[in-house]
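Examining the three-dimensional arrangement
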Amino acid sequence: MKVTSKKIKFENALSLECGSTLPSFELMFETYGELNKQNSNAVLVCHAFSGNHHAAGESNLDSSIGWWDQMIGPNKAIDTNKYFVVCSNNIGGCGGSSGPTTINPTNEEVYGADFPVVSVVDWVNTQKILMDYLGISKWELVLGGSLGGMQALQWAISYPENINKAGIFAAAAQASTQNIAMNEVARESIRKDENFYDGHYLKNNTKPKKGLKTARMLGHITYLSEEHMDLRFGRKFQDNESKITRDVDFEIENYLQYKGEKFSDAFDANTYILMTKAMDNFDPSSNEDGDLKKALTNIKSKLLIIGFKTDWLFPPKKGKEIQLAAMEAGIKSSFVVLDGKHGHDSFLFMSDRYFKIIRSFIES
Amino acid sequence: MPITEIIKKWITEGANVIDFGCGDGSLLCDLKDSKNINGYGIEIDPDQIELCIENGVSVIEQDIDQGIQDFSSFNFDIAIMASSIQCLKNPDVALDKMLDIADCCIVTLPNFGHWKCRLDVFLGRMPVTKSLPVTWYETNNYHLCTIKDFENLCEERGFILNKRKYLNTNYKESWLSSLRPNLFAAEGVYLIEKE
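Residues numbered from 1 in each chain as written. Chains lettered and ligands numbered in written order. Predicted model: local features only at pLDDT ≥ 70, side-chain atom pairs only at ≥ 80, totals over all residues. Heavy atoms only, no water.

Looking at the overall build of chain B
Looking only at helices and strands, chain B has nine helices and seven strands in total. Taking 2.2 N^0.38 as the reference for a compact globule, 195 residues should give roughly 16 Å; the C-alpha atoms of chain B span a radius of gyration of 16 Å, in line with that estimate. Taken along its principal axes, the extent of the C-alpha atoms in chain B is 45 × 35 × 30 Å. Looking at chain B as a whole, 50% of its 195 residues are labelled buried. Long-range contacts, defined as pairs at least 24 residues apart, comprise 64% of the intrachain contacts of chain B with a sequence gap of at least 6. Of the roughly 9,400 Å² of accessible surface on chain B, 49% is carried by carbon and sulfur atoms. (Helix = DSSP H or I, 4+ residues; strand = E, 2+ residues; numbered from the N terminus. Rg over C-alpha atoms; globule rule 2.2 N^0.38 Å. Buried < 20%, exposed > 50% of the residue type's maximum accessible area, 1.4 Å probe, protein only. Contact = heavy atoms within 4.5 Å. Areas by Shrake-Rupley, 256 points an atom, 1.4 Å probe, with all protein chains shown as cover.)

Section: the pairing of strand β12 (residues 165-169) of chain A
Residue and element names in this part refer to chain A. The element β12 is extensively covered by neighbouring structure, given that five of its five residues are classed as buried. Pairing of strand β11 (residues 141-145) with β12, which is carried by four bridges, proceeds in the parallel orientation. The residue of β12 that forms the bridge with Gly144 is Ile168. Crossover connection from β11 via helix α2 (residues 147-158) to parallel β12: handedness right-handed. Alignment of β12 against strand β13 (residues 302-308), held across five bridges, turns out to be parallel. Residue pairing in the sheet places Lys165 in a bridge with Lys302 of β13. (Pairing = 2+ DSSP bridges. Right-handed = clockwise from strand over helix to strand, strands pointing away.)

Side note on the packing of helix α3 (residues 177-191) of chain A against helix α7 (residues 269-281) of chain A
Residue and element names in this part refer to chain A. Running from N to C, α3 and α7 point in directions that differ by 160 degrees, and their axes come no closer than 10 Å. Classified by the angle between their axes, α3 and α7 sit roughly antiparallel to one another. Seen from above, α3 lies across α7 with left-handed handedness. Contacts between α3 and α7 involve Asn179, Ile180, Asn183, Ala186, Arg187, Ile190 and Arg191 from the former and Ala269, Tyr272, Ile273, Thr276, Lys277, Met279 and Asp280 from the latter. (Axes fitted to C-alpha atoms, helices over the stretch in contact; angles between N-to-C directions. Parallel < 35°, antiparallel > 145°, perpendicular 65-115°, else oblique. Left-handed = near helix turned anticlockwise from the far one by under 90°.)

Things to note about the pattern of salt bridges
All names here are of chain A. The tally for this structure, following the rule as stated, stands at 27 salt bridges over all chains. Of the charged contacts in the structure, one is a salt bridge between Glu161 and Lys300, with a shortest N-O distance of 2.4 Å. With Glu161 in the loop between α2 and β12 and Lys300 in the loop between α8 (292-296) and β13, this residue pair connects regions lying 139 residues apart in the sequence. The exposure class assigned to Glu161 is partly exposed, which follows from its relative accessible area of 48%. (Salt bridge = Lys/Arg side-chain N within 4 Å of Asp/Glu carboxyl O.)

Let's talk about the interface of chain A and chain B
Listed by partner, the interface residues are 22 residues for chain A and 21 residues for chain B. Counting the surface chain A buries against chain B, the share from its top three residues, A:Lys320, A:Met327 and A:Arg353, is 29%. At the junction of chain A and chain B, the tally comes to two salt bridges. B:Asp70 is the salt-bridge partner of A:Lys320, the closest N and O atoms lying 2.2 Å from each other. One can count 10 residue pairs in polar contact (both at pLDDT 80 or more) joining chain A with chain B. Breaking the side of chain A that touches chain B down by element, the ones donating at least two residues are β13, α9 (316-328), β14 (333-338) and α10 (352-363) of chain A. Sorting elements by how many residues they give to the side of chain A that touches chain B places α9(A) first, with six residues. (Buried area = accessible area lost by both parts, 1.4 Å probe. Polar contact = N/O pair within 3.5 Å; in protein donor to acceptor, adjacent residues only side chain to side chain.)

Some words on the environment of A:Ala113
All names here are of chain A. The residue Ala113 is located in the loop between β10 (109-110) and α1 (120-134) in this model. You can call Ala113 partly exposed: its relative accessible area is 34%. In sequence terms Ala113 and Ile273 are 160 residues apart; their C-alpha atoms lie 9.7 Å from each other. When near neighbours in sequence (up to four residues on either side) are disregarded, Ala113 contacts Asp198, Gly199, His200 and Asn270.

Details of the packing of aromatic side chains
Residue and element names in this part refer to chain A. Using the criterion set out here, one finds 22 aromatic pairs over all chains in the structure. Taken together, a centroid distance of 5.9 Å and an interplanar angle of 85 degrees make the contact between Phe10 and Tyr133 edge-to-face. Of this pair, Phe10 sits in strand β1 (residues 3-10) while Tyr133 is found in helix α1, placing the two residues 123 residues apart along the sequence. Measuring from ring centre to ring centre gives 5.9 Å for Phe169 and Tyr354, while their planes differ by 75 degrees; the resulting arrangement is edge-to-face. A residue pair is termed long-range when its members are at least 10 positions apart, and Phe169 in strand β12 and Tyr354 in helix α10 qualify at 185 residues. Assessed through its relative accessible area of 1%, Tyr354 is described here as buried. Among the aromatic residues, ring-to-ring pairing joins Trp67, Trp68, Phe169, Phe308, Phe347 and Tyr354 into one connected group. (Phe/Tyr/Trp six-rings, centres within 6.5 Å; stacked < 30°, edge-to-face > 60°.)

Some thoughts on a nonpolar patch on the surface
Judged by side-chain polarity, B:Trp115, B:Leu119, B:Phe122 and B:Leu123 come together as a nonpolar surface patch covering roughly 480 Å² of accessible area. A relative accessible area of 71% places B:Phe122 in the exposed class. (Patch = residues over 30% accessible without salt bridge, like charges linked within 9 Å, V, L, I, M, F, W, Y side chains within 5 Å.)

Some words on unusual backbone geometry
All names here are of chain A. Phi angles above zero are rare outside glycine, and Asn75 is one such case at about 65 degrees. Despite not being glycine, Ser146 has its phi angle at roughly 60 degrees, a positive value. Among the secondary structure elements, Ser146 is positioned in the loop between β11 and α2.

A word on the environment of A:Phe29
Here A:Phe29 lies in strand β4 (residues 25-32). Residues in contact with A:Phe29, not counting those within four places in the same chain, are A:Thr4, A:Ser5, A:Lys6, A:Ile8, A:His53, A:Val86, A:Cys87, A:Ser88, A:Leu130, A:Tyr133 and A:Leu134.

Describing the pairing of β4(A)
Residues and elements named next belong to chain A. Across the eight residues that make up β4, a large majority, seven, are buried. Here eight bridges tie β1 to β4, and the two strands are oriented antiparallel to one another. When the bridges of β4 are listed, Ser5 appears paired with Glu30. Pairing between β4 and strand β8 (residues 84-88): four bridges, direction antiparallel. The residue bridging Thr31 from the neighbouring strand is Val86, located in β8.

Some remarks on the domain arrangement of chain A
All names here are of chain A. Parsing chain A into structural domains produces domain 1 (3-174 + 286-363) and domain 2 (179-276). With centres defined by C-alpha atoms, the gap from domain 1 to domain 2 works out at 25 Å. The tally of links between domain 1 and domain 2 comes to one salt bridge. Measuring nitrogen to oxygen at the nearest pair gives 3.3 Å for the salt bridge that ties Lys203 to Glu109. Counting across the domain 1 and domain 2 interface gives 10 residue pairs in polar contact (both at pLDDT 80 or more). Residues belonging to the side of domain 1 that touches domain 2 are distributed by class as follows: 16 nonpolar, 10 polar and four charged. (Domains from an automatic or database assignment. Nonpolar A, V, L, I, M, F, W, Y, C, P; charged D, E, K, R; others polar.)

This is how it looks when you write it as structure tokens:
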């Protein structure tokens, strides 16, 4: 599989939904496979909130495997022998695109908390700019899970002429009250870390690692299913040799400590806040007095909405809401519920049925 | 397939159609090609759903008994329930709701009163026929009925049987199946409206 990583600087100012403007911005992205002569085999993958542009294959930087490698690759559901797949790091992220950890060109200082509030609409707009840069006029498919699924839906709404199909997995047209509540607890733990410095921790040569770790531990619970946690960890005790801290008794505690620690080393706290805010604020119906059907009326692409039975963050009924609104608006749309034992994270793991459904959809 | 031909004749050009128990979506595909309908299928069988998506048919994975009320605010031109009504837990409720969400319904059903079924039962066995091909222990048919039963239900509930066709085991209309449908028709096909 041909993998290309690139960072492009776009010199034109970018107006954001919040009213702020970025004087210029950089996008980090990867591509897999090759664009055909007609430029008609392009697929856009949108990442979820802690993901990045490294969706598949081995990274040439740290040889890590992409987050959706089970989905994308030669002979996989999104077959890179046939399709040219693009995945960019969202602005506001911390994977190489402009964000809180990059330099603000107006004052040559790190953005930190000064990076403006970004939204799903903004991400889709930057992906459109990237699309134009790559010389692609229509995506055969735009797909993503969770916050990535929200972007796929927004693509169908924002640019109906530039997309044939949208795959919206483990997502919602609106975060639930409970989603917002969970995200606020996570943000609060970051803000209350003594090293947060109102988001200007990098200027103070520090990081709110403790707060970010707690946030991730909480988040991680919401990504797993009760059933899967029971099966994988149960009430098993952690053996003494591999305990991360002495306070840990159960395996699940050790697991969350480990995951949280690893995440807080690699991720940026301001990005965590920006991404969760973007998720909470996403609501395409808000421009139409809360009428989702109206918001979907101009869609021309086919939608495939997938929910996962064990997902309690964005349960299947949230996907069905999108389906019913699309149906009422007369949009071609299908809704499928898959078993997936991994809770919200199920969208990341391939199964026979998941594979067949996506294959059938992209080839239909 | 003669049943498909009958359904085609009863459907208006460009209609909004919902097909409960749409199977592999071939009926909706056919209606899309011949009548330019905008159609949605409701299906529960995973393999059939896959085929729908492959055929480019909009399909919703949904149990009809549980999910039919989700469509209560919708207004379709036609709802179809082809050979599915006997599989429902509450066929009368489903029929009533179908007539709320669509101007009219097309229902097709296997006739349990067909002489072959009667003969099988008379001989002490559950019938296995062309219309009812599955053994008693594998069947999903919870609520089998005869043509008389179904028409009585419609009369009781005030549903109007606007059009009806009685088909023999070759899915064709014959003088016998029309003369004594409850005995000689293997399938009933109905176009139903609410008063």
